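A closer look at the structure
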Amino acid sequence: IYAAKKTNKIEWEDIGIISPHRMHAATINRMIQEEFGVEINNRVFADTVDRYQGQEKEFIIYTVADSLSDPSDFLNDYRRINVAITRARSRFFLVSDYRLREGEEFSDFLKWCKTESDAARKKAA
């Protein structure tokens, strides 16, 4: 979080963190509070995909790196992927563990992301 903020010169309010599970989001909020304090935790919004609908941030960090489920589960729920990705105005970061990167589904997901990104760039130009 801090590296994204410092490197891109953005405000804390511009960073959003999405997690597939409430317990994971709560852990993230607790860690932000411990590392940066209550004030920063109140400015960085970390919650589940479902609670993020209708909101946008410059930077979205979607973390599926938890031990509650198979990390590839999120790839099978296109509605939630769509919500997570479309919350980002300019940058989308995916944080996962090694199990996700090993699967064919992840390779397909990255190809889809590149295709969509290329199409969005052409449309904006």
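If you're wondering where the values come from, they're calculated on a predicted model, not measured in any experiment.

**As for the overall build of the protein chain**
- When you go through the protein chain residue by residue, the secondary structure sums to 7 helices and 4 strands.
- When its helices and strands are written in sequence order, the protein chain yields α-β-α-α-β-α-β-α-β-α-α.
- If one aligns the C-alpha atoms of the protein chain with their principal axes, the spans along those axes are about 40 × 40 × 25 Å.
- Looking at the protein chain residue by residue over its 125 residues, the buried ones come to 36%.
- Sequence separation of at least 24 residues holds for 75% of the intrachain contacts in the protein chain that already meet a minimum separation of 6.
- In the structure as shown, the protein chain presents an accessible area of about 8000 Å², 50% of it carried by carbon and sulfur atoms.

**Focus: the side chain of Asn41**
- Following the sequence through the fold, Asn41 ends up in helix α3 (residues 38-43).
- Setting aside chain neighbours within four positions, we find Asn41 in contact with Asn29, Ile32 and Gln33.

**Topic: the environment of Leu94**
- Summarising the element assignment, Leu94 is placed in strand β4 (residues 88-95).
- A C-alpha to C-alpha distance of 18 Å links Leu94 and Met31, two positions 63 residues apart in sequence.

**Describing the sheet that holds strand β2 (residues 45-48)**
- With parallel pairing, 4 strands are arranged side by side in an open sheet as β2-β1-β3-β4. Because the sheet does not close on itself, it has two edges, and the strands there are β2 and β4. Across the sheet, the mean angle from the axis of one strand to that of its neighbour is 20 degrees, orientation sign disregarded.
- Of the strand pairs in this sheet, strand β1 (residues 15-19) and strand β3 (residues 57-63) are connected by 4 bridges, and their pairing is parallel. Looking across to β3, one finds that Gly16 is bridged to Ile60.
- With respect to the sheet, helix α5 (residues 78-86) is in contact with β1, β3 and β4, its orientation differing from that of β4 by roughly 125 degrees.

**Regarding the nonpolar core**
- Ile18, Val49, Ile60 and Tyr62 are the most contacted members of the largest nonpolar core, which totals 13 residues.
- Taken together, the elements giving at least two residues each to this core come down to α4 (49-52), β3, α5 and α7 (104-124).
- Residue contributions to this core peak at 3 residues, all from α5.

What counts, and at which threshold
- Residues numbered from 1 in each chain as written.
- Predicted model: local features only at pLDDT ≥ 70, side-chain atom pairs only at ≥ 80, totals over all residues.
- Heavy atoms only, no water.
- Helix = DSSP H or I, 4+ residues; strand = E, 2+ residues; numbered from the N terminus.
- Buried < 20%, exposed > 50% of the residue type's maximum accessible area, 1.4 Å probe, protein only.
- Contact = heavy atoms within 4.5 Å.
- Areas by Shrake-Rupley, 256 points an atom, 1.4 Å probe, with all protein chains shown as cover.
- Pairing = 2+ DSSP bridges.
- Axes fitted to C-alpha atoms, helices over the stretch in contact; angles between N-to-C directions.
- Core = buried A, V, L, I, M, F, W, Y, C linked by side-chain atoms within 4.5 Å.

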